Amino acid sequence: RLLDFVEATIVNLNRATYVVLDEADLMLSMGFRDIVKALLDQIRPDRQLSLFTATWSPEIQHMADELLREPVFVMQDRECG
């Protein structure tokens, strides 16, 4: 829906400076990769981007490599809850 608003010039993302992609693995599995990339193309290049995912599949790794600059990888230990 957000991309629809951007394309209709109802929403302008040019001044967005912080982006959070939560559940990135689900976005990929549901086929939203192209939509996410289209939205990120509308946001300023000096943005800060946080990507959260429950899994670290090769597809998520590739997406992170494409989208993130100077990433910091944080992993929660399953036993810590």
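**Student:** Whenever I open this one, the environment of Thr17 confuses me. Can you help?
**Tutor:** Locating Thr17 in the fold gives a position in the loop between helix H1 (2-7) and strand E1 (18-21). Judged by its relative accessible area of 42%, Thr17 is partly exposed. As for Thr17 and Leu49, which are separated by 32 residues in sequence, their C-alpha atoms are 8.4 Å apart. If we skip the residues at most four places from it in the chain, Thr17 touches Arg44, Arg47 and Gln48.

**Student:** How should the pairing of E1 be read in this particular structure?
**Tutor:** Two faces, one strand: in a regular strand the side chains alternate between the faces of the sheet. Burial along E1 is one-sided: Val19 and Leu21 are buried, while Tyr18 and Val20, pointing the other way, are not. Here E1 runs beside strand E2 (residues 48-51); their pairing, made up of four bridges, is parallel. Counterpart to Tyr18 in the pairing with E2 is Gln48.

**Student:** What is the right way to read the packing of aromatic side chains from this model?
**Tutor:** For any pair of aromatic rings, the description consists of the separation of the ring centres together with the inter-plane angle of the planes. Counted according to the given criterion, the structure contains one aromatic pair. Here the aromatic rings of Trp56 and Phe73 are separated by 5.1 Å at their centres, their planes lie at 55 degrees, and the arrangement is tilted. Here the residue Trp56 occupies a position in the loop between E2 and helix H4 (58-67), and Phe73 occupies one in the segment after H4, the gap between them amounting to 17 residues. Classification of Trp56 by relative accessible area gives partly exposed; the value is 40%.

**Student:** For this particular structure, what's the right way to read helix H3 (residues 33-40)?
**Tutor:** Turn by turn, an α-helix covers 3.6 residues, leaving residues three or four places apart pointing in a common direction. The set of residues buried in H3 consists of Val36, Leu39 and Leu40. Axial view of H3: buried residues confined to an arc of 100 degrees, hence all on one face. Contacts from the buried residues of H3 go to H1, E1, helix H2 (24-29), E2 and H4.

**Student:** Would you explain a nonpolar patch on the surface in this entry?
**Tutor:** Together, Leu26, Met30, Phe32 and Ile35 give the surface a local cluster of nonpolar side chains, amounting to about 360 Å² of exposed area. You can see Ile35 is positioned in helix H3.

**Student:** Could you clarify how one ought to interpret the pattern of salt bridges in this entry?
**Tutor:** A side chain of one charge can pair with a side chain of the opposite charge when the charged atoms of the two come close. The final tally for this structure, using the stated rule, is three salt bridges. Its salt-bridge partner being Arg33, residue Glu66 comes within 2.9 Å of it at the nearest N-O pair. Residue Glu66 is found in helix H4, and its partner Arg33 is found in helix H3; the two are separated by 33 residues along the sequence. Given the relative accessible area of 23%, Arg33 is considered partly exposed. Measuring nitrogen to oxygen at the nearest pair gives 2.6 Å for the salt bridge that ties Arg44 to Asp46. Using a relative accessible area of 30% as the deciding quantity, one classes Arg44 as partly exposed. Residue Asp46 is classed as exposed on the basis of its relative accessible area, which comes to 52%. It is possible to trace a salt-bridge network through shared partners that takes in Arg33, Lys37 and Glu66.

Cut-offs used in this document
Residues numbered from 1 in each chain as written. Predicted model: local features only at pLDDT ≥ 70, side-chain atom pairs only at ≥ 80, totals over all residues. Heavy atoms only, no water. Helix = DSSP H or I, 4+ residues; strand = E, 2+ residues; numbered from the N terminus. Buried < 20%, exposed > 50% of the residue type's maximum accessible area, 1.4 Å probe, protein only. Contact = heavy atoms within 4.5 Å. Pairing = 2+ DSSP bridges. Phe/Tyr/Trp six-rings, centres within 6.5 Å; stacked < 30°, edge-to-face > 60°. Arc of directions from axis to C-beta. Patch = residues over 30% accessible without salt bridge, like charges linked within 9 Å, V, L, I, M, F, W, Y side chains within 5 Å. Areas by Shrake-Rupley, 256 points an atom, 1.4 Å probe, with all protein chains shown as cover. Salt bridge = Lys/Arg side-chain N within 4 Å of Asp/Glu carboxyl O.

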